[in-house]
Each structure stands twice: as structure tokens, then as C-alpha cells.
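# Architecture and fold: a report
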Amino acid sequence: MSKNYSFKLFLAAIAIGICFAGRVPAASTINKSERDKLILDVDPLSARALLNNDFESGFEEPWYDSSPSTVHWIVEDFSLQSELNNPVPAPSAGSKYLRAIRNEQLSSGLLILRTVTFTAFPGDEISFNFWIRSRYTGGNTLDLVLVQGALETTLLSLSSYSTSVNKEWRPTSSPIPVTEPTEVTLVFYAYCGGNAEDAIAIDDIVVGSTIPTTTIPPSTTPLPGVCGGNFSEPSGIFSSPNYPNPYGNNEICEYMIQVAQGNRIVLNFLEFSTESGADYVTVYDGLTTASPVLVRASGLSTDLLTTSSGSSCLVVHTSDGANSSRGWSATYATA
Ligand SMILES: [Ca+2]
Ligand SMILES: [Ca+2]
């Protein structure tokens, strides 16, 4: 892929982010300072999607080098390395990565790499590959820090990998610990020493969600206060009205379960508490109260489990005119 083409792809990604932010798309030709400004203008919600970087475009943005000393993060190409006497391990994919570059005297120093502010969601995770090496064990450091307002939390501390014999890229990851959508920044703090062996490199940064996109079928969610229902999914959960709060008096609730032909229904009561001898749950082996009774229970019960002979069953909850209890909750599955 040519650099020019990669750059256009990069601009397209930024333009998409800016469109989401409701702003004017990027012009087709812009210089570096204009590009920096455009990225900084991206709103926090759109910025998260732009943080992934394998550095193959040649640009480190939207990660920013704010190192205070002579050591800096530079996008380096594996075939054009600046420290040939301390070669970078071959990347597993691509040819470019971010590397700590020192001056000709190999002066040591602190390195800082930060993101723009972005919105992190519960379940978000950051992963990346890194290489860290030093003449003395633990001599170089690489910490990943989450900044949330004035609060800084260290997510990863990788100095234990900093040894003279480490010549490998290693994968690592960390959850981004937020309990609700939160505006944060991520910062890599690193220290690179002045020995020939000293090196730090980062590649393949990915920020994404660990929460699967599939949702639980609606019929598996208990509906508080609901008396009875029809269930046709292969599995589900249901309960007495208001569970785990007491059910009402004079109730007759019918729960009809009908699964695909040829299957049987395994019914399992997770908790069972009704007024003994007065409030009952009856499980019928079919869809009407004329069907054979599988279970009839009241009072306290544990391990209440039954299996239908066919593909349907009826659960009937009845209560008399006084005294209630927590009630019951049941799951069903197909066998
Ligand atoms: Ca790369
Ligand atoms: Ca009662």
C-alpha cells in the first residue's frame, strides 16, 4: 500500500469521525497542523472509534507524543531502523510501529504518549503489542494510565518485561474500568535509559468492547407484576407476580409453555415459597387443566424439578383471599 493511499484512508477515517461529530468534512489536501487541529476537534463520542492504530499509515495520531525531553515516540519502519545495533523484533503484521527514539548521544528520558479525550463505555478494553528491552532488568518502564478528571489509574505496568534478553513483541490488554459512559484519556508513560540495549516500542493499539452484541431474548426476562404468560422460546424464566416481592390474594395465573414438536420441557423452580396448604402451584403435562398433573406444591420447597412428556405444559399459580409469601421463580429448558 502506498503512503499516499494510506494517508487518504487516514483522512477518510478522520472525515467519518468529524461527520459523526456534525462538523464539516476534512478538505482533500491539508498540512500536519491542520490535520492535528481536525483530530483535536473530534468530539469524545467519535474519538473512541479513531484510537485504533497499527501505525502502518505512518501517523501516530490520534495518539500524541508529549514527551518533555530529547526522547520521542516516532513511527519507524522495520526496514529503515534508526538503531541498527539494537534491532526491533520483526512485527507479526505490517512493517511500522511506534518506537522511543533517542538523540545521537542516546540520552535517557521520559516519554509520554496520550490520546484526545474520548468516551469510554462499560466493557471497553485496550489491547496492544509492545517490546521493551534494557541492559539491566526493569531498567526501562512502560505504564498505561487511565485519566478521569483529576484521577489517574495505572492499568498496566510492564517494566518486568524489560530485560537484556527480551527480543520479542508481546501482546497485552487491560479493561478500561468505567461503570458508565465516561470521558477519559489514556496515557502511556515510559522511561528509556541511555544504554545501547535500551528500547521501547508499541504497535497494534485496539480499543473495543468485550460485551457481545447479541441480546437475551425478551421472554427470558421476568416481568414483575405480570400474572401468567405464553412462552415459545427454547428456554426462558418466569415467576409469580411481583417476585421476589409477595404475590397478591385471589390470583389465578396461567403460564403456558409450548416448544418445538418432539422436544420435552424441563422445569426447574429456583425458589419456592407460598402459603402452605392455601396457595398452590400446579404443573400440568399439557396445555389445559384437564391434562395429567406433574407437580402440585405449596409451602416451602427446594429442588422442585419436573419434565413434561410432550412439547407443552401449563403452570397454574393460585392464591386464596389472605396471607402471601415471596412466591417462586422458575426456568425452563428444552430436552
Ligand atoms: Ca504496525
Ligand atoms: Ca394465601
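Described in the following lines is the structure provided in the data block. Remember, predicted model here, so these are calculated numbers, not experimental data.

Scanning the chain for helices and strands turns up three helices and 21 strands. Taking all 335 residues of the chain together, the buried fraction comes to 44%. Taking the contacts inside the chain whose residues are at least 6 apart along the sequence as the reference set, 76% of them involve residues at least 24 apart. As displayed, the chain offers around 16,400 Å² of accessible surface, 55% of which is attributable to carbon and sulfur atoms.

As a further point, take the coordination of the calcium ion (ligand 1). At the metal site, the calcium ion (ligand 1) is ligated by Asp-54 (O), Glu-56 (OE), Lys-96 (O), Asp-203 (OD) and Asp-203 (OD), and these contacts range over 2.2 to 2.5 Å. For the calcium ion (ligand 1), the donor residues sit on a single chain with the sequence spacing D-x1-E-x39-K-x106-D. With a gap of 107 residues between them, Lys-96 in strand β3 (residues 96–101) and Asp-203 in strand β11 (residues 199–209) connect regions that are remote in the sequence.

Once that is clear, we can look at the coordination of the calcium ion (ligand 2). Within the first shell, the calcium ion (ligand 2) binds the protein through Glu-275 (OE), Asp-279 (OD), Asp-279 (OD), Asp-320 (OD), Ala-322 (O) and Asn-323 (O), at distances of 2.3 to 2.5 Å. Of note is the calcium ion (ligand 2), whose six donor atoms meet at the metal with angles of 53 to 155° in an arrangement that counts as irregular. One chain supplies every donor to the calcium ion (ligand 2), and in sequence these donors are spaced E-x3-D-x40-D-x1-A-N.

Take the sheet that holds strand β6 (residues 124–133) next. Sheet architecture is open: five strands sit in the order β2-β3-β11-β6-β9, paired in antiparallel fashion. Across the chains shown, the open sheet's two edge strands, defined by having one partner strand only, are β2 (72–77) and β9 (170–175). Taken pair by pair, the neighbouring strands of this sheet meet at an average axis angle of 35°, ignoring direction. The pairing of β2 with β3 spans six bridges and is antiparallel. What sits directly across from His-72, in β3, is Ile-101.

The next subject is the state of the cysteines. In this structure the tally under the stated criterion is one disulfide. What pairs with Cys-227 in a disulfide is Cys-253, and their sulfur atoms sit 2.0 Å apart. Because the sign of the S-S torsion sets the handedness, a value of about -110° for the bond joining Cys-227 and Cys-253 places this disulfide among the left-handed ones. With a gap of 26 residues between them, Cys-227 in the loop between β11 and β12 (229–231) and Cys-253 in strand β14 (residues 252–258) connect regions that are remote in the sequence.

What follows covers the sheet that holds strand β17 (residues 293–297). Two pairing modes exist for strands in a sheet, parallel and antiparallel, and in both the strands are linked by backbone hydrogen bonds. Spatially, β12-β14-β20-β16-β17 is the arrangement adopted by the five strands of the open sheet, whose pairing is mixed. Either end of the sheet is taken by a strand with one partner, and the two such strands are β12 and β17. Averaged over all pairs of adjacent strands, the angle between their axes in this sheet comes to 10°, without regard to strand direction. Here four bridges tie strand β16 (residues 280–284) to β17, and the two strands are oriented antiparallel to one another. When the sheet's bridge partners are listed, Val-281 is paired in β17 with Ala-297.

With that out of the way, let us pick up the pairing of strand β21 (residues 327–334). Working note: regular strand, side chains alternate between the two faces of the sheet. With four bridges connecting them, strand β13 (residues 236–239) and β21 associate as antiparallel partners. The residue of β21 that forms the bridge with Ile-237 is Thr-331. Strand direction decides the pairing type here: strand β15 (residues 265–273) and β21, joined by eight bridges, are antiparallel. The residue of β21 that forms the bridge with Ser-273 is Gly-327.

Let's shift gears to the nonpolar core. Core analysis: the biggest nonpolar cluster contains 35 residues, and Trp-73, Phe-128 and Leu-142 have the highest contact counts within it. With five residues, the top contributor of residues to this core is strand β10 (residues 182–192). Excluding anything up to four places from it in sequence, Leu-142 contacts Trp-73, Phe-130, Ile-132, Leu-156, Ser-157, Leu-158, Ser-159, Phe-188, Tyr-189, Ala-190, Ile-200 and Ile-202.

Glancing now at the environment of Asp-204. For Asp-204, the location among the structural elements is in strand β11. Residue classification places Asp-204 among the partly exposed residues on the basis of a relative accessible area of 22%. Taking the C-alpha atoms as reference points, Asp-204 and Pro-171, separated by 33 residues in sequence, lie 9.1 Å from one another. Engagement of the side chain of Asp-204 in a polar contact is seen with the side chain of Asn-129, the distance being 2.9 Å.

Now for the pairing of strand β4 (residues 109–115). The buried fraction of β4 is high, at five of seven residues. Of the strand pairs in this sheet, strand β1 (residues 63–65) and β4 are connected by three bridges, and their pairing is antiparallel. Across the sheet, Asp-65 pairs through a bridge with Leu-113, a residue of β4. Pairing geometry for β4 and β10, over six bridges, is antiparallel. Within the sheet, the bridge partner assigned to Leu-110 lies in β10 and is Tyr-191.

Parameters at a glance
- Residues numbered from 1 in each chain as written.
- Chains lettered and ligands numbered in written order.
- Predicted model: local features only at pLDDT ≥ 70, side-chain atom pairs only at ≥ 80, totals over all residues.
- Heavy atoms only, no water.
- Helix = DSSP H or I, 4+ residues; strand = E, 2+ residues; numbered from the N terminus.
- Buried < 20%, exposed > 50% of the residue type's maximum accessible area, 1.4 Å probe, protein only.
- Contact = heavy atoms within 4.5 Å.
- Areas by Shrake-Rupley, 256 points an atom, 1.4 Å probe, with all protein chains shown as cover.
- Donors = N, O, S within 2.8 Å, 3.2 Å for Na, K, Ca; no water.
- Tetrahedral: all angles 85-135°; square planar, octahedral: opposite > 155°, others 65-115°.
- Pairing = 2+ DSSP bridges.
- Axes fitted to C-alpha atoms, helices over the stretch in contact; angles between N-to-C directions.
- Disulfide = S-S within 2.5 Å.
- Core = buried A, V, L, I, M, F, W, Y, C linked by side-chain atoms within 4.5 Å.
- Polar contact = N/O pair within 3.5 Å; in protein donor to acceptor, adjacent residues only side chain to side chain.

No statement about biological role is implied by the geometric values presented.
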